[in-house]
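# Structural characterization, general
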Amino acid sequence: GERDSRPRREIGSPLPAPRPARLSRLQVHAPPFLFEAFLWAPIDEARSTARLENGSVFFTLRKKEAALWDSLLAPEVDKEKMQRIREDAVLRAHEKAKEETDAKAVRKQERSKCALEATMKLEEAERKRIDQLKEKERQKATEEIEQWKEQNEKQKKLQERVPLQLIKKKQEENEPRSSSRGAARTASATQRAGSAGNMFSDKLEEESVPAPRCAGTIQLRFTPRVFPTALRESRVEEEEEWLQKQAEARRAINIDLAELGDLSEEEKNPDWLKDKGNQLFATGNYLSAVSAYNLAIRINNKIPALYLNRATCHLRLRNLHKAIEDSSKALELLTPPVPDNANARMKAHIRRGTAFCELELYA
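Just so it is clear, the structure is predicted and the values come from calculations on it, not from any experiment.

### Quick look at the overall build of the chain
Looking only at helices and strands, the chain has eight helices and five strands in total. In the chain, which comprises 363 residues, the proportion classed as buried is 17%. Here the contacts in the chain between residues at least 6 apart in sequence split such that 56% fall between residues at least 24 apart. About 29300 Å² of surface is accessible on the chain, with carbon and sulfur atoms providing 53% of the total.

This is the structure we're talking about:
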């Protein structure tokens with residue numbers, strides 16, 4: 001009947017052996033012993049702790065409400081109330097675990113979002129940097145073009161100016177010095193001026209011819225072709241179809257090689273797998289026999305006996321449509337019909353006919 005006003009209480013309970021304890025509703029479980037206490041009032045589970053020391057467990061309990069407890073433990077509690085308290089504790093533990101899981105998922109989502117935003121910022125910065133480089137290159141190219149245009153205009157103006165000055169100079173030299181000379185002399189002077197003008201025109205024509213261009217080498221690259229014929233002489237559609245089929249076949253082979261890489265050498269032998277399937281069929285293990293035949297067909301799909309044996313397994317398993325498919329595939333491989341494969345073709349017809357009869361497809 002002692003009243004307790006202290007905000008914190010420590011409880012010690014001896015353990016039978018220093019084994020790990022599990023805290024649950026002020027509970028210690030050390031098989032084959034179980035310590036469980038029902039307290040006077042609720043406690044703050046988040047602030048309460050438990051520790052193991054010298055073979056004992058020590059609890060540090062925090063009250064939810066700073067009130068006086070008449071005793072540490074609750075008075076006699078009936079079984080129904082104890083069961084209800086246990087169920088409530090388990091429910092609270094589940095809710096707490098769910099809240100922690102949800103909070104962890106939210107934190108993970110936030111971290112992923114932050115990482116995505118950081119990646120987007122980096123990509124945006126990289127795009128801006130590339131755009132700036134492109135803009136600089138564009139400005140540089142524009143400036144070079146403008147400089148080239150200005151230089152060409154200057155050269156044109158210079159070429160136009162020089163011939164006019166030379167013509168004026170020649171005309172001044174060939175002008176008659178006096179106006180009193182006769183018409184014959186004037187005519188001869190005019191003729192000489194005309195001939196001098198023709199000479200200057202020839203000279204000007206020679207000077208205006210641009211210099212020869214510098215020699216250089218141009219490399220030509222041709223599109224590689226799989227077929228030896230020229231493109232204009234080829235049938236493009238048929239070639240593309242053939243190349244596509246070859247690529248699909250290579251991809252299928254690569255996938256099969258990657259999946260069959262863990263098998264031993266004898267397990268990669270279709271004859272060994274066929275014998276293994278025959279042994280499993282003899283013991284009545286039809287599903288395993290089908291698996292063995294499947295693997296053998298993946299390795300080599302040109303052996304008719306594999307399809308015949310698998311068709312027999314499908315008949316025993318009542319997979320009638322698959323039995324028909326395997327029998328038909330075996331007949332396709334057993335062409336052309338010759339005396340050597342007559343027995344195998346007979347078996348294929350019998351098994352396919354049996355499947356049709358079972359399906360009541362008589363016509």
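### Describing the packing of helix α4 (residues 270–282) against helix α6 (residues 304–316)
Packing of α4 against α6 brings their axes to within 11 Å, and their N-to-C directions diverge by 25 degrees. With respect to α6, the axis of α4 lies roughly parallel. For the pair α4 and α6, the sense of crossing is left-handed. Of the residues in α6, those in contact with Pro270, Lys274, Asn278 and Phe281 of α4 are Ala305, Leu306, Asn309, Thr312, Cys313 and Arg316. Per-class residue counts for the contact of α4 with α6 are five nonpolar, three polar and two charged.

### Side note on the pattern of salt bridges
Taken as a whole and assessed by the stated rule, the structure comprises seven salt bridges. When the shortest N-O distance is used, the salt bridge between Arg138 and Glu135 registers 2.4 Å. Residue Arg138 and its partner Glu135 are both found in helix α1 (residues 79–174); the two are separated by three residues, about one turn of the helix. We classify Arg138 as partly exposed; its relative accessible area is 47%. A salt bridge links Lys329 to Glu332, with the nearest nitrogen and oxygen atoms 4.0 Å apart. Of the two residues, Lys329 and Glu332 both sit in helix α7 (residues 320–333), three residues apart, roughly one turn of that helix. Residue Glu332 is classed as exposed on the basis of its relative accessible area of 52%.

About the criteria used
- Residues numbered from 1 in each chain as written.
- Predicted model: local features only at pLDDT ≥ 70, side-chain atom pairs only at ≥ 80, totals over all residues.
- Heavy atoms only, no water.
- Helix = DSSP H or I, 4+ residues; strand = E, 2+ residues; numbered from the N terminus.
- Buried < 20%, exposed > 50% of the residue type's maximum accessible area, 1.4 Å probe, protein only.
- Contact = heavy atoms within 4.5 Å.
- Areas by Shrake-Rupley, 256 points an atom, 1.4 Å probe, with all protein chains shown as cover.
- Axes fitted to C-alpha atoms, helices over the stretch in contact; angles between N-to-C directions.
- Parallel < 35°, antiparallel > 145°, perpendicular 65-115°, else oblique.
- Left-handed = near helix turned anticlockwise from the far one by under 90°.
- Nonpolar A, V, L, I, M, F, W, Y, C, P; charged D, E, K, R; others polar.
- Salt bridge = Lys/Arg side-chain N within 4 Å of Asp/Glu carboxyl O.

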